[in-house]
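# Geometric and topological summary
Residues per chain are reported as follows:
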Amino acid sequence: MERIKQAFGPEVPGLLGFLALVVVVFGLTAPNFLTAANLGSIAYQLPELGILTLAMLIPIISGGFNLAIIYTANMAGLTLAFVLMQFGGVDAGVGPFLLGTVLALAVGALSGAAMGAVIAYIGAHPILVSLAMMIFLRGLGEFLTKGGDISGFPQYLAVLGHGSFLGIPVPLILFGVCALAWHILLTRTRHGFASRMVGSNLRATTYSGVHTKRTLVLIYTLSGVMCAIAGILMLSRFNSVRVGHGEALLLVTVLACFLGGVDPFGGFGRVVPVVIALVVLQVLSSGLNLLGANQHLATAVWGLFLVGVMILRWGAGRWKERKRGRV
Amino acid sequence: MRDFLRAYPAEAKLLVVLALLCALLSLASPQFLTLVNLTSLLNNNAVNLIWAVGLLVVLIAGGIDISFAVGASVVQYLAVMALMGMGGGGWAVGIALAMALGIGLGLINAALIHGFRIISIVVTISTFNAFFGLLMFFTSGKSIYSLPDWLSRPIYLWELQTEIGWADIRLPVVVMAICLFATWFLIRRTTTGRQLYAFGDNPEGARRAGINIWLMQAIAFGWCGMMAGIAGLMQAHITKEVVPNALIGRELDVLAAVVLGGARLGGGRGSVLGCVLGVALVAVAQNGLNLLGVSPYAFKMVVGIIILAAISTSNIDLAAMLAPKRRDRE
């Protein structure tokens with residue numbers, strides 16, 4: 001138990017408990033909950049929200065925010081779609097797909113880097129900068145597509161969105177790889193350490209010799225790259241790109257981060273609890289769906305769930321304090 | 001002049017930018033500086049401004065509110081349902097109801113923030129999801145088209161026929177003016193207002209100085225909720241319908257405008273004038289693009305660029321540039 005806490009963070013046992021509780025409750029009440037079909041659909045739905053949440057995670061850990069994630073993802077998807085369209089739409093080969101992917105990742109990185117540069121070198125508040133970037137990207141996307149959608153992509157893209165490899169859905173594998181990369185980045189690299197330090201105390205980090213401005217630019221660039229991956233996944237899952245696709249997920253990603261125990265002020269946060277929080281959210285929504293509620297009720301439950309968890313954490317904190325006081 | 005610059009650096013800069021923009025637009029488009037255009041700008045932005053001053057109070061008190069636009073939708077729906085249930089009602093009942101419901105929603109936020117020491121962005125993102133989800137669930141996304149007569153009839157308070165059409169001022173503009181004045185009075189002319197600034201700047205310091213923290217949160221979020229409620233009713237009055245998911249997404253645009261107007265995320269700074277200028281800059285920019293015949297799809301892109309540019313120049317210190325040269329030896 002203590003070792004789990006040390007390795008993955010103090011939130012993990014609690015969240016796993018929640019997950020078990022939710023699974024048991026739905027397993028007993030919803031007849032089709034514990035079937036392969038339902039678990040499979042969860043596995044296909046999770047990665048999209050999951051990758052976007054990873055894109056939100058690192059900026060929050062650094063004490064900031066990236067409100068532009070959805071539209072960065074849309075713009076990256078749009079880039080890939082444009083390239084595929086140039087090379088014949090449905091008949092486009094693998095070469096154009098690779099080219100489009102590289103360009104999409106570049107677009108994501110560029111928009112992230114622009115945000116990071118304004119945040120780092122001008123010192124403007126990340127919420128404001130990313131908000132402006134969000135409004136700009138949304139406008140740019142709507143300008144380029146005239147509000148319509150682009151569809152008709154090559155057949156092999158369906159493998160990315162709907163295929164499975166050794167029985168594991170391809171999107172889930174993609175999400176797993178991304179989460180693992182983020183985990184390693186945050187726990188094993190200098191940049192990850194610097195990100196957490198920037199979130200704890202920017203000035204102290206600067207004075208201790210870390211190039212904080214470069215760190216900030218890199219944080220938002222990486223976040224942009226992760227958005228681009230999400231954008232490509234969304235393209236292959238829906239077989240279409242529309243600006244505004246996934247809009248409703250923006251605040252859900254923030255919710256998932258907070259649920260996963262990420263400190264809203266920055267400095268603390270781990271990948272593993274956030275991934276578990278994502279699974280809890282997805283299981284909640286799919287269980288409620290099976291019970292006949294719609295996605296809107298699930299949204300409401302997500303919100304109430306976060307409040308409930310925060311209240312429990314507050315209660316636990318007070319209880320600990322009182323115990324310590326007696327000893 | 002220099003006092004103004006020193007006290008309101010962001011507002012002064014914004015005023016310069018806005019004046020330049022207006023001057024350019026009035027040269028580029030003959031329609032810009034007409035009464036018809038200016039009054040329609042006012043009519044169209046009344047709701048945003050009412051929200052903006054509500055959010056301003058929360059920002060000054062060091063919080064942030066994401067849930068107000070969704071809150072306004074909830075108030076709209078509940079108020080109209082209640083009014084229909086009462087058999088119609090009237091303006092006095094309607095406004096009172098909207099204010100009360102809005103304050104109620106705001107107090108939910110305040111109670112969660114204060115009671116459990118959760119920071120405001122977490123609470124309001126939760127309540128954003130909860131309010132919106134519950135509203136859509138219970139209404140099944142159905143709109144209300146048959147509003148009471150008094151609510152859906154436009155009220156013209158002043159009108160004038162000009163060569164190119166009618167210039168008019170409608171009820172929402174007057175309500176907006178009252179809201180602006182009330183907010184200005186609250187934050188600049190009352191002890192509570194000073195306490196809100198103090199609390200936003202340094203909560204712990206304020207607490208030790210004997211300020212009632214719970215009261216501050218309740219006033220800030222209650223005020224924001226009240227303004228959201230009023231704005232919701234005005235929106236229903238303008239569009240003559242209640243659509244449960246029409247207002248979602250507006251909160252971030254309003255937030256951008258308010259912060260553009262010099263309110264500091266983190267608390268302790270902000271003014272009603274800044275709010276007006278922030279909303280005005282975005283509105284005038286869109287209006288100008290429209291008059292210049294730019295594609296409507298490009299509007300938001302340009303607005304985004306303007307906000308980015310405004311942020312990027314926000315570290316230029318006008319007061320220092322205008323100051324007489326100081327002798328450094330002193």
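Anyway, here's the lowdown on the structure attached to this text. As a convention, each chain's residues are numbered from 1 in the sequence order in which they are written. The lettering of chains begins at A and the numbering of ligands begins at 1, in the order of writing. The model is predicted, so local features are restricted to residues of pLDDT at least 70 and side-chain atom pairs to those at 80 or more, both for listing and for counting; the totals for chains, interfaces and linings are taken over all residues.

The helix and strand labels rest on DSSP assignments: H or I over at least four residues marks a helix, E over at least two residues marks a strand, and numbering proceeds from the N terminus. Per the secondary structure count, chain B includes 15 helices and 2 strands. Only C-alpha atoms enter the radius of gyration; for comparison, a globular chain is expected to reach 2.2 Å times N to the power 0.38, where N is the number of residues. Here the C-alpha atoms of chain B give a radius of gyration of 21 Å, agreeing with the 20 Å that 2.2 N^0.38 yields for 330 residues. Taken over 330 residues, chain B has a buried fraction of 47%. Considering only contacts within chain B whose residues lie at least 6 apart along the sequence, 77% involve residues at least 24 apart. Counting other C-beta atoms within 10 Å of a residue's own tells you its class, since 20 or more makes it buried, 12 or fewer makes it exposed, and anything in between is partly exposed; those C-beta atoms are placed from the backbone. Here contacts are defined at the residue level, using C-beta atoms placed from the backbone and a cut-off of 7 Å between them.

One turn of the α-helix equals 3.6 residues, which is why residues spaced by three or four share an orientation. What a helix is expected to span follows from its residue count: subtract one and scale by 1.5 Å. In a regular helix each residue adds 1.5 Å, so 14 residues correspond to 20 Å; helix α14 (residues 299-312) of chain B covers 20 Å between its end C-alpha atoms and thus fits that length. Burial within α14(B) is extensive, with 10 of its 14 residues counted as buried. Residues of α14(B) that are buried include every one of Phe299(B), Lys300(B), Met301(B), Val303(B), Gly304(B), Ile306(B), Ile307(B), Leu308(B), Ala310(B) and Ile311(B), and no others. Buried positions along α14(B) lie against α5 (94-122) and α6 (126-145) of chain A together with α2 (9-28), α12 (250-260) and α13 (272-291) of chain B.

All right, on to the packing of helix α3 (residues 35-60) of chain B against helix α8 (residues 171-189) of chain B then. Residue and element names in this part refer to chain B. Lines fitted to C-alpha atoms define the axes, with helix axes restricted to the stretch in contact, and inter-axis angles between N-to-C directions lie between 0 and 180 degrees. The geometry of α3 relative to α8 is characterised by a closest axis approach of 8 Å and an angle of 20° between their N-to-C directions. Between α3 and α8, the angle falls in the class roughly parallel. In terms of crossing hand, the pair formed by α3 and α8 is left-handed. Contacts between α3 and α8 involve Leu42, Asn43, Ala46, Val47, Leu49, Ile50, Val53, Leu56, Val57 and Ile60 on the former and, on the latter, Pro172, Val173, Val175, Met176, Cys179, Leu180, Thr183 and Ile187. Of the residues contributing to the contact of α3 with α8, the split by class is 16 nonpolar, 2 polar and no charged. Note on terminology: angles under 35 degrees are roughly parallel, angles over 145 are roughly antiparallel, angles of 65 to 115 are roughly perpendicular, and the others are oblique. By convention, the crossing between two helices is left-handed when the near helix turns anticlockwise from the far helix through less than a right angle, and right-handed when the turn is clockwise. All amino acids are sorted into three groups, where Ala, Val, Leu, Ile, Met, Phe, Trp, Tyr, Cys and Pro are nonpolar, Asp, Glu, Lys and Arg are charged, and the leftover types, Gly among them, are polar.

The next subject is the interface of chain B and chain A. Across the boundary between the two partners, chain B contributes 40 residues, which contact 39 residues of chain A. Among the secondary structure elements, those contributing two or more residues to the side of chain B that touches chain A are α5 (91-116), α6 (120-139), α12 and α14 of chain B. Here the side of chain B that touches chain A takes 13 residues from α6(B), the largest share from any one element.

Packing of α6(A) against α14(B) brings their axes to within 6 Å, and their N-to-C directions diverge by 155°. One way to sum up the angle between α6(A) and α14(B) is to call them roughly antiparallel. Crossing hand, α6(A) versus α14(B): left-handed. Of the residues in α14(B), those touching α6(A) at Leu128(A), Val129(A), Ala132(A), Met133(A), Ile135(A), Phe136(A), Arg138(A), Gly139(A), Leu140(A), Glu142(A) and Phe143(A) are Phe299(B), Lys300(B), Met301(B), Val302(B), Val303(B), Gly304(B), Ile305(B), Ile307(B), Leu308(B) and Ile311(B). Split into classes, the residues belonging to the contact of α6(A) with α14(B) amount to 16 nonpolar, 2 polar and 3 charged.

Residues and elements named next belong to chain B. As defined by bridge partners, strand β1 (residues 156-162) adjoins strand β2 (residues 165-170) across 6 bridges and the pair is classed as antiparallel. Residue pairing across strands places glutamate 159 opposite aspartate 168, the latter belonging to β2. Between β1 and β2, which follow one another and run antiparallel, lie 2 residues. In this description, strands pair whenever DSSP reports at least two bridges between them.

Residue and element names in this part refer to chain B. On the secondary structure map, methionine 216 appears in helix α11 (residues 213-239). Taking the C-alpha atoms as reference, methionine 216 lies 36 Å from alanine 19; in sequence the two are 197 residues apart. Not counting residues up to four positions away in its chain, the partners in contact with methionine 216 are Ala61, Gln195, Leu196, Phe199 and Ile211.

All names here are of chain A. With 18 residues, helix α2 (residues 12-29) ought to run about 26 Å at 1.5 Å a step, and its terminal C-alpha atoms sit 26 Å apart, in line with that. Every buried residue of α2 is listed here: Leu15, Phe18 and Phe26. All buried residues of α2 fall inside an arc of 55° around its axis, so they share one side. Turned more than 90 degrees away from the buried face of α2 sit Gly17, Ala20, Leu21, Val24, Gly27 and Leu28, all of them exposed. Each direction from the helix axis to a C-beta atom contributes to the arc, which is the arc of those directions.

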